[in-house]
Amino acid sequence: MPNFTLMSEIKEREIHKRNKSQKINHDSTYLERISKLCNEIDPYQPLSNEVLRELNDLGIKDTQNPFSITNQLLQILDKLQHRNIQ
């Protein structure tokens, strides 16, 4: 007779591994996006429409103040770091 409890535990472990892998891929994508933004943003030049769209996609609404943009990007990085530690 099959051991359903063991089968269920194995399935849960595999789902957890898959979810963790997807989370890492998602976080890597975010890190790439943020890195690209950091390289493209010049606080002394107006932001391009592409950068404004990307900031908006990341949830950054205050795009008038370069210090605010930097702080918000750092907060996103901090959240990603804490998620990966847990």
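Here the structure is a predicted model, which means the values were calculated and not measured.

Cut-offs and rules
Within each chain, residues carry numbers counting from 1 in the order of the written sequence. Local features are withheld for residues below a pLDDT of 70 in this predicted model, meaning they are given only at 70 or higher, and side-chain atom pairs are given and counted only at 80 or more; totals for whole chains, interfaces and linings count all residues. Values reported for side chains reflect all heavy atoms of the structure, with hydrogen atoms and water molecules removed beforehand. Strands are runs of DSSP state E lasting at least two residues, helices are runs of H or I lasting at least four, and both sets are numbered from the N terminus onward. For every residue, the accessible area obtained with a 1.4 Å probe (protein chains only) is divided by the maximum for its type, and the residue is called buried under 20%, exposed over 50%, and partly exposed between those limits. Contact definition: two residues touch when any of their heavy atoms are within 4.5 Å. What sets the accessible areas is the Shrake-Rupley method with a 1.4 Å probe; for residues, cover comes only from the shown protein chains. We define the nonpolar core as a collection of buried residues of types Ala, Val, Leu, Ile, Met, Phe, Trp, Tyr and Cys that are connected through side-chain atoms lying within 4.5 Å of one another. Two N or O atoms form a polar contact when they lie within 3.5 Å of each other; inside protein one atom must be a possible hydrogen donor and the other a possible acceptor, and for residues adjacent in sequence the pair counts only when both atoms belong to side chains. A carboxyl oxygen of Asp or Glu within 4 Å of a side-chain nitrogen of Lys or Arg is what we treat as a salt bridge.

### As for the overall build of the protein chain
When you go through the protein chain residue by residue, the secondary structure sums to three helices and zero strands. Start at the N end of the protein chain and walk to the C end: the helices and strands fall as α-α-α. Burial analysis of the protein chain (86 residues in total) assigns 16% to the buried set. Pairs at least 24 residues apart make up 42% of the contacts formed inside the protein chain by residues separated by at least 6 positions. Approximately 7100 Å² of the protein chain is accessible, and the part contributed by carbon and sulfur atoms is 52%.

### Digging into the nonpolar core
Counting ten residues, the largest nonpolar core consists of I34, L37, V51, L55, L58, I60, I69, L73, I76 and L80. Elements with a minimum of two residues in this core: α1 (4–40), α2 (49–57) and α3 (66–85). At four residues, α3 tops the list of elements feeding residues into this core.

### Considerations on the side chain of T63
Looking at the element boundaries, T63 is found in the loop between α2 and α3. Ignoring sequence-local partners within four residues, the contact set of T63 consists of L47, L52, L55 and I69.

### Description of the environment of T70
The topology assignment puts T70 in helix α3. Residue T70 is classed as partly exposed on the basis of its relative accessible area, which comes to 41%. Here P66 takes part through its backbone oxygen, which lies 2.9 Å from a polar atom of the side chain of T70.

### A word on the pattern of salt bridges
With the rule as written, the count across this model stands at three salt bridges. We note a salt bridge from E54 to R33, for which the minimum N-O separation is 2.4 Å. Of this pair, E54 sits in helix α2 while R33 is found in helix α1, placing the two residues 21 residues apart along the sequence. Look at R33 and you get partly exposed, because its relative accessible area is 24%. Salt-bridge contacts for E50 lead to K36; the nearest nitrogen and oxygen are separated by 3.2 Å. Residue E50 is found in helix α2, and its partner K36 is found in helix α1; the two are separated by 14 residues along the sequence. Judged by relative accessible area, E50 falls into the partly exposed class, the value being 44%. In this structure K36 comes out as partly exposed when scored by relative accessible area, which is 44%. Beyond isolated ion pairs, a larger network of salt bridges with shared partners links K36, E40 and E50.

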